[in-house]
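Residue-level structure breakdown
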Number of protein chains: 2
Amino acid sequence: MKRLLSALIALLCCWIGTSAPAVAADRVAELRDAALNGDTVAWDVLEGLTTEVGPRLAATPAEARARAFAVEKLKALGFKNVHIETYDMPLWERGVETAEVISPFPQKLVLAALGNSSATPPGGITAPVVAFDGIAAFMAAPDEAVRGKIVFITHHMAQQQDGGSYGELGVIRFAGPSMASKKGAAAIVIKSIGTDNHRVPHTGVTGWPSGVAPIPAAALSTVDADQLSRILARGKPVTLHLTIGAHMAGTAQSGNVVAEVPGRDPKAGIILIGGHLDSWDLGTGAIDDGAGVAITTAAAKKLLDGPAPLRTIRVVWFGAEEPGGFGGEAYAKAHAADRHVLVAESDFGADRVWRFAVRAQDTKNPLIEKLGQVLSPLGITASHGDAHGGTDVGPTAALGVPVVDLGQDGTHYFDLHHTADDTLDKIDPKQLRQNVAAWTAMLAVMANDPGDLGVLPKGHGE
Amino acid sequence: MKRLLSALIALLCCWIGTSAPAVAADRVAELRDAALNGDTVAWDVLEGLTTEVGPRLAATPAEARARAFAVEKLKALGFKNVHIETYDMPLWERGVETAEVISPFPQKLVLAALGNSSATPPGGITAPVVAFDGIAAFMAAPDEAVRGKIVFITHHMAQQQDGGSYGELGVIRFAGPSMASKKGAAAIVIKSIGTDNHRVPHTGVTGWPSGVAPIPAAALSTVDADQLSRILARGKPVTLHLTIGAHMAGTAQSGNVVAEVPGRDPKAGIILIGGHLDSWDLGTGAIDDGAGVAITTAAAKKLLDGPAPLRTIRVVWFGAEEPGGFGGEAYAKAHAADRHVLVAESDFGADRVWRFAVRAQDTKNPLIEKLGQVLSPLGITASHGDAHGGTDVGPTAALGVPVVDLGQDGTHYFDLHHTADDTLDKIDPKQLRQNVAAWTAMLAVMANDPGDLGVLPKGHGE
């Protein structure tokens, strides 16, 4: 009760103390609520991108078509300085992918190769399965238990609002394959890093540290992984046949699409926002990350349509996030000399924003309180955690730029993440508009307030 | 209120009037509630069949393994006269199946061939799409609008507790392909007859009346069908590339597995119950129809474990239901001389029984009231409709045998029906036990009551 009272008093003081920008606050509320109740830009962008381009794997012709779509759309919306910034990167392509239990109970299993997986020989491989529950059990296994076999790693991922389980269990996908290679495995199949129960495997990138030979690496759907566990539980030796055609295919071009809402004062710096335009190849990338580019574009459009903001808002549709953040790296390198005052990214679906976090030079910066005030009517409260940005804006943030996170509800995100099921029908238009409203409010404050969030040490948050 | 009062009075009269079988009713309640609270047989059968056999397409080696599993399981449970009755039938096999929008927006679509579909040439076919919303619009189209094209028929199926929308919209799958062939189409793709939004197409049988040439026929997932509709809505010509490898593969053997709980009085007749052991090849056939054989077997087991019932209970795991009820036809032919007094089938998933229906010689038969009394504590009420049996017991019912339906909640049935997602994890063990309890109660009444449901005209309900 005492804490509540203190908080109320603090709020009241703040209210009285900020009587000067009260008109501005009204203007922010008006923009925010117009977005909440009537935005059509985000849906239009998202429906267009997922329908007219569909899947858009990094560095493929489909991703190039997504850039062309972005340029056309951003120009039609009236954004300024719309252009593509290209870079080269290694191209990975999916091929055939089949799995079959040969014995003791013959049946097909559904799986998808992980990004950067290598191929089996064309006829596939047949080998006994050695199973582990979790990464720790696998790490503890002696090499001779694994050598020449197909490693299977399962786990128990549950839905969490902040998506935290992905952090802990994602290591199975990131690091399991390279560890399996080092231990001499013939191949590795993991239980999809996901929380659904459909026959749609979750792909995603894996990595091969220098000197580690790539091996065939794939994710079984959660349903198929649990089936394999039940088969293994019978105690009989289990033999799998795997055919994976995935392979690296040389160097190819990717690119970022950049657009701006020009600010009144070029010296007031740039606010960088965006998401990524590439997607995995299995779905049409609605939640990952068509929503992110749609939300940030729609919010910037709200400011584009009014009086010019103090600061320039730069919206970037980043390329090649999925295979490892090539677009974000290329952007940071190309724009290291620009004066960014803030970065923010939307890359966690389209469910409602429920919390926000700020990484500023001074944690008592009054802008944080102002942000809280304009976000509160949307049901958004301050997070106790740090702001992280994301893969796309991370390299720019690391140059010393403050970060705002508008944290989305991730309860259902990993039901769909990186699967064929990441499609437009999974988007709730009402929650999408709430996202646009939150971003609009954030931009209206941060692009117009004479104060900023300061400068951070280089490499912060890395 | 007056109706309620009359109903209460009727119930009370019935209660008083049936004081003689009160002890028997207690025994029925005891068996029923033991099943409700403690049955493990149904889960054991279902988990075993879906794990150790998995998918079991009719007339394939997988279906033969399912028969072997059934014999072993039924013998282990103590059933009598366990044996296989074989028959020959045409074998259909799935092959490769791919779909791709060539223009205007290149992208892959997910589909599955329908049972009895023919193949495209190995390299596939490329043709313009002509789209229809519903079967009536398609029927009205002139042949020249369709000739040489790929027909696409969409629809708007919603969940219904009684699954009624399948009756109305299923005709798109049953009859759409043959109509497309007659109109000269190159191939047909339909929106899956289903109510989910996942990338798992719903297969199922289609038919070619005599003289109609089979053409490639497949179902897009509901998500892919809606994507195709959005693409078409842009108004540009749409070209699809289809590759279908499905084909007929000669004659092969299928079979029914028969088991019995012998009755005390061979002259009192046989109660035929069961489900079908075959499944489509995409899923592991948990709801369709592993659940049906598991539920009916578990209920019969409850009577097997007590004093012998008056009548023989015959449990049949029918073969080859999916491609057209070959098992049910073969059984009726082989057992036409047997005195069946009742048939009942479980083939609508594993969600709770919510209503029952009886087809008897006399609609006032007191057994119907008795059934209602023992089912009522499970939340089951009388249906206003007729009892239909199902594909497996239908041919036997048509010989003049009464039918009991224990109707399951079908709200989610067509989310999963005939898809890769029809797997064990979709089964709720509690609702599965409620099914076993309902079947146990029904059998305990019908196998022991001196009265029966009479004899019906041959061909009833056809």
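What counts and what doesn't
- Residues numbered from 1 in each chain as written.
- Chains lettered and ligands numbered in written order.
- Predicted model: local features only at pLDDT ≥ 70, side-chain atom pairs only at ≥ 80, totals over all residues.
- Contact = placed C-beta atoms within 7 Å.
- Helix = DSSP H or I, 4+ residues; strand = E, 2+ residues; numbered from the N terminus.
- Nonpolar A, V, L, I, M, F, W, Y, C, P; charged D, E, K, R; others polar.
- Axes fitted to C-alpha atoms, helices over the stretch in contact; angles between N-to-C directions.
- Left-handed = near helix turned anticlockwise from the far one by under 90°.
- Pairing = 2+ DSSP bridges.
- Buried ≥ 20, exposed ≤ 12 C-beta atoms within 10 Å, placed from the backbone.
- Least-squares fit on C-alpha atoms with pLDDT ≥ 70 in both.
- Core = buried A, V, L, I, M, F, W, Y, C linked by C-beta atoms within 7 Å.
- Domains from an automatic or database assignment.

Let's talk about the interface of chain B and chain A
- Counting from both sides, the interface comprises 21 residues of chain B and, opposite them, 21 residues of chain A.
- Broken down by element, the residue count for the side of chain B that touches chain A peaks at five residues, all from helix α9 (residues 222–233) of chain B.
- Classifying every residue of the side of chain B that touches chain A by side-chain character gives eight nonpolar, seven polar and six charged.

Thoughts on the packing of helix α3 (residues 41–53) of chain B against helix α10 (residues 286–304) of chain B
Residues and elements named next belong to chain B.
- With their axes 8 Å apart at the nearest point, α3 and α10 run at an angle of 140° to one another. When you trace α3 past α10, the crossing you get is right-handed. Residue-level contacts link Val41, Ala42, Val45, Leu46, Leu49 and Thr50 of α3 to Ala286, Gly290, Ala291, Val293, Ala294, Ile295, Thr297, Ala298 and Lys301 of α10.
- The class makeup of the residues in the contact of α3 with α10 is 11 nonpolar, three polar and one charged.

Observations concerning unusual backbone geometry
- For the peptide bond that leads from Asp288(A) to Asp289(A), omega is 10°, which places it in the cis range.
- Here Asp289(A) lies in helix α10 (residues 286–304).
- The omega torsion of the bond from Ser103(B) to Pro104(B) falls at 10°, within 30 degrees of zero and hence cis.
- Residue position: Pro104(B) is located in the loop between β2 (97–103) and β3 (107–109).
- Here Asn116(A), not a glycine, exhibits a phi torsion of approximately 85°, which is positive.
- Relative to the assigned elements, Asn116(A) resides in the loop between β4 (111–113) and β5 (125–133).

Things to note about the sheet that holds β3(B)
All names here are of chain B.
- With respect to topology, eight strands assemble into an open sheet ordered β3-β2-β9-β5-β6-β7-β8-β4, the strand pairing being mixed. Strand pairing shows two members of the sheet lacking a second neighbour, β3 and β4 (111–113), which therefore form its edges. The sheet shows a mean angle of 30° between the axes of neighbouring strands, taken without regard to direction.
- With five bridges connecting them, strand β5 (residues 125–133) and strand β6 (residues 150–154) associate as parallel partners.

Quick look at the pairing of strand β13 (residues 340–345) of chain B
Residue and element names in this part refer to chain B.
- Of all the six residues making up β13, five are buried; the element is thus mostly covered by neighbouring parts of the structure.
- One ladder, built from five bridges, connects strand β11 (residues 270–276) with β13; its direction is parallel. Considered in β13, the bridge of Leu272 is made with Val343.

Here we look at the relation of the copies chain B and chain A
- Placing chain B over chain A gives an RMSD of 0.0 Å and needs a rotation angle of 180°, together with 0.0 Å of translation along the axis. Put plainly, the chains are arranged around a two-fold axis.
- Most of the interface of chain B is mirrored in chain A, where 100% of its interface residues are also at the interface.

Considerations on the sheet that holds β4(A)
All names here are of chain A.
- One open sheet holds the eight strands; their spatial order is β3-β2-β9-β5-β6-β7-β8-β4, and the pairing between them is mixed. The open sheet terminates on both sides in strands that have one partner only, identified here as β3 (107–109) and β4. Here the average twist between neighbouring strands, direction ignored, is 30°.
- The pairing of strand β2 (residues 97–103) with β3 spans three bridges and is classified as antiparallel. Within the sheet, the bridge partner assigned to Ala99 lies in β3 and is Leu109.

Some details on the nonpolar core
- Residues Leu443(A) and Leu443(B) are the most contacted members of the largest nonpolar core, which totals 275 residues.
- Filtering out sequence-adjacent residues up to four positions away, Leu443(B) remains in contact with Ile271(B), Ala299(B), Ala300(B), Leu303(B) and Ile313(B).

Some points on the domain arrangement of chain A
All names here are of chain A.
- Under the domain assignment, chain A is made up of domain 1 (24–92 + 251–446) and domain 2 (95–245).
- One C-alpha centre belongs to domain 1, the other to domain 2; they are set 33 Å apart.
- Ranked by the residues each element gives to the side of domain 1 that touches domain 2, the list is headed by helix α14 (residues 413–416), at three residues.
- Here the residues of the side of domain 1 that touches domain 2 sort into eight nonpolar, seven polar and four charged.

Side note on the pairing of strand β8 (residues 217–220) of chain A
All names here are of chain A.
- Where burial is concerned, the two faces of β8 agree: the one with Ala217 and Ala219 and the one with Ala218 and Leu220 are both buried.
- Here β4 pairs with β8 via three bridges, running antiparallel. Across the sheet, the residue bridging to Leu111 is Leu220, located in β8.
- Judged from the four bridges that link them, strand β7 (residues 187–191) and β8 form a sheet pairing that is parallel. Counted as the bridge partner of Ile188 is Ala217 from β8.

A look at the environment of Arg32(B)
All names here are of chain B.
- The residue Arg32 is located in helix α2 (residues 22–38) in this model.
- What makes Arg32 buried here is the crowd of 27 C-beta atoms within 10 Å.
- For the pair formed by Arg32 and Asp305, sequence separation is 273 residues and the distance between their alpha carbons is 13 Å.
- With near-sequence residues (within four places) excluded, Arg32 lies in contact with Val374, Ala437, Thr440 and Ala441.

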